[in-house]
Amino acid sequence: TQLLEQSPQFLSIQEGENLTVYCNSSSVFSSLQWYRQEPGEGPVLLVTVVTGGEVKKLKRLTFQFGDARKDSSLHITAAQPGDTGLYLCAGVNTNAGKSTFGDGTTLTVKP
Amino acid sequence: GAGVSQTPSNKVTEKGKYVELRCDPISGHTALYWYRQSLGQGPEFLIYFQGTGAADDSGLPNDRFFAVRPEGSVSTLKIQRTERGDSAVYLCASRPTGTSVETQYFGPGTRLLVL
């Protein structure tokens, strides 16, 4: 069974602070995705990383895929209250078609 | 354009009852997924349809759970003899034809509470 572990489980910070959340896998996936989910809504895809060592930036968000393609991190610079939500990582194996999700990091950014 | 829609948004039922949850995918999307999300956890894969057929149903927890997609668009997840442990948010996602497996679009979910 492929598992994804996310840390920390909960994170509460002040507006303007930087933060990093982590996603570690017990095995290799074809690609890894990060989603953000707000209460009462489904997850929304933020980014997909495919190549080991890949770094992608989305405004204040920086995503990194580990060289061995088993771990990933999400770094947020100058967090804002609008960044509050549940951040989920998901591993995808192309042939399987489905995504395997971690249990997420719940981020609260206080104004 | 409309996104993935799910009905009902909330469902309260009693233990032992039968429930049906509906998913309307984005028009033209051939791949459809069902996931279950329990409180404090990430979504857990249940079943994946490619067109009308179930390509992977390995995530269905037991034979009380069944899903259909008879015309390759709308899908219904059916749960028989519901148990309290079935309480969760049931998420549906769809993916367009010809894109990579990554591009899944999720609906808002159906919140099922079994009393």
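Above this text sits the structure in question.
Residues numbered from 1 in each chain as written. Chains lettered and ligands numbered in written order. Predicted model: local features only at pLDDT ≥ 70, side-chain atom pairs only at ≥ 80, totals over all residues. Heavy atoms only, no water.

K.L.:
I'd like to hear about the interface of chain B and chain A, residue by residue, with values.
P.N.:
Across the boundary between the two partners, chain B contributes 19 residues, which contact 21 residues of chain A. With both chains or domains summed, chain B and chain A bury close to 1,500 Å², and 53% of this area falls on carbon and sulfur atoms. Counting across the chain B and chain A interface gives one salt bridge. The salt bridge partner of B:Asp56 is A:Lys98, with a shortest N-O separation of 3.8 Å. For the pair chain B and chain A, the interface holds seven residue pairs in polar contact (both at pLDDT 80 or more). Secondary-structure elements contributing two or more residues to the side of chain B that touches chain A are strand E4 (29–37) and strand E5 (44–50) of chain B. The element best represented in the side of chain B that touches chain A is E4(B), accounting for three residues. Grouping the constituent residues of the side of chain B that touches chain A by class yields nine nonpolar, seven polar and three charged. (Contact = heavy atoms within 4.5 Å. Buried area = accessible area lost by both parts, 1.4 Å probe. Salt bridge = Lys/Arg side-chain N within 4 Å of Asp/Glu carboxyl O. Polar contact = N/O pair within 3.5 Å; in protein donor to acceptor, adjacent residues only side chain to side chain. Helix = DSSP H or I, 4+ residues; strand = E, 2+ residues; numbered from the N terminus. Nonpolar A, V, L, I, M, F, W, Y, C, P; charged D, E, K, R; others polar.)

K.L.:
Run through the sheet that holds strand E7 (residues 61–65) of chain A, naming residues and quoting values.
P.N.:
Residues and elements named next belong to chain A. The sheet built from five strands is open, its strands ordered E1-E3-E8-E7-E6 with antiparallel pairing. Each having just a single partner strand, strand E1 (4–7) and strand E6 (55–58) make up the two edges of the open sheet. Shown here is a sheet whose adjacent strand axes are inclined to one another by a mean of 15°, direction ignored. Sheet analysis places E1 next to strand E3 (residues 19–25), joined by four bridges and oriented antiparallel. Bridge pairing in E3 links Glu5 to Asn24. (Pairing = 2+ DSSP bridges. Axes fitted to C-alpha atoms, helices over the stretch in contact; angles between N-to-C directions.)

K.L.:
Break down the layout of surface pockets for me, citing the residues and quoting the values.
P.N.:
Taken as a whole, the largest pocket spans an internal volume of roughly 490 Å³. Every element with two or more residues in the lining of the largest pocket is listed here: strand E9 (85–92) of chain A together with strand E9 (88–96) of chain B. (1 Å grid on protein atoms, 1.4 Å probe; cavity = no way out; pocket = protein on both sides within 12 Å on 5 of 7 lines; lining within 4 Å. Points joined across faces, edges and corners; volume = space filled by probe spheres on them.)

K.L.:
Help me get a handle on the pairing of strand E5 (residues 44–49) of chain A, residues and values and all.
P.N.:
Residues and elements named next belong to chain A. As defined by bridge partners, strand E4 (residues 31–37) adjoins E5 across five bridges and the pair is classed as antiparallel. Bridged to Leu32 within E5 is Val49. Between E4 and E5, which follow one another and run antiparallel, lie six residues, and Gly40 among them has a positive phi close to 80°.

K.L.:
Give a description of unusual backbone geometry that names residues and reports values.
P.N.:
For the bond running from A:Ser7 to A:Pro8, omega is -10°, close enough to zero to count as cis. Tracing the backbone shows A:Pro8 in the loop between E1 and strand E2 (10–14). Following B:Thr7, the chain continues into B:Pro8 via a peptide bond in cis, with omega recorded as -10°. Inspection of the secondary structure puts B:Pro8 in the loop between strand E1 (5–7) and strand E2 (10–13). Although it is not a glycine, A:Arg69 sits at a positive phi angle of roughly 55°. Position of A:Arg69 among the secondary structure elements: in the loop between E7 and strand E8 (71–76). For A:Ala78, which is not glycine, the phi torsion reads 50° and is therefore positive. For A:Ala78, the position within the fold is in the loop between E8 and E9. Under the relative-accessibility criterion, A:Ala78 is labelled partly exposed at 32%. (Buried < 20%, exposed > 50% of the residue type's maximum accessible area, 1.4 Å probe, protein only.)

K.L.:
I'd like to hear about the state of the cysteines, residue by residue, with values.
P.N.:
All names here are of chain B. If you walk through the whole model with that rule in mind, you get two disulfides over all chains. In this model, Cys23 is linked to Cys92 through a disulfide, with the two sulfur atoms separated by 1.9 Å. Taking the sign of the S-S torsion, about -65° here, the bridge from Cys23 to Cys92 comes out left-handed. Residue Cys23 is located in strand E3 (residues 19–24), and its partner Cys92 is located in strand E9; the two are separated by 69 residues in the primary sequence. Grouping residues by exposure puts Cys23 and Cys92 together as buried. (Disulfide = S-S within 2.5 Å.)

From the geometry alone we can't say anything about function, so treat these as descriptive.
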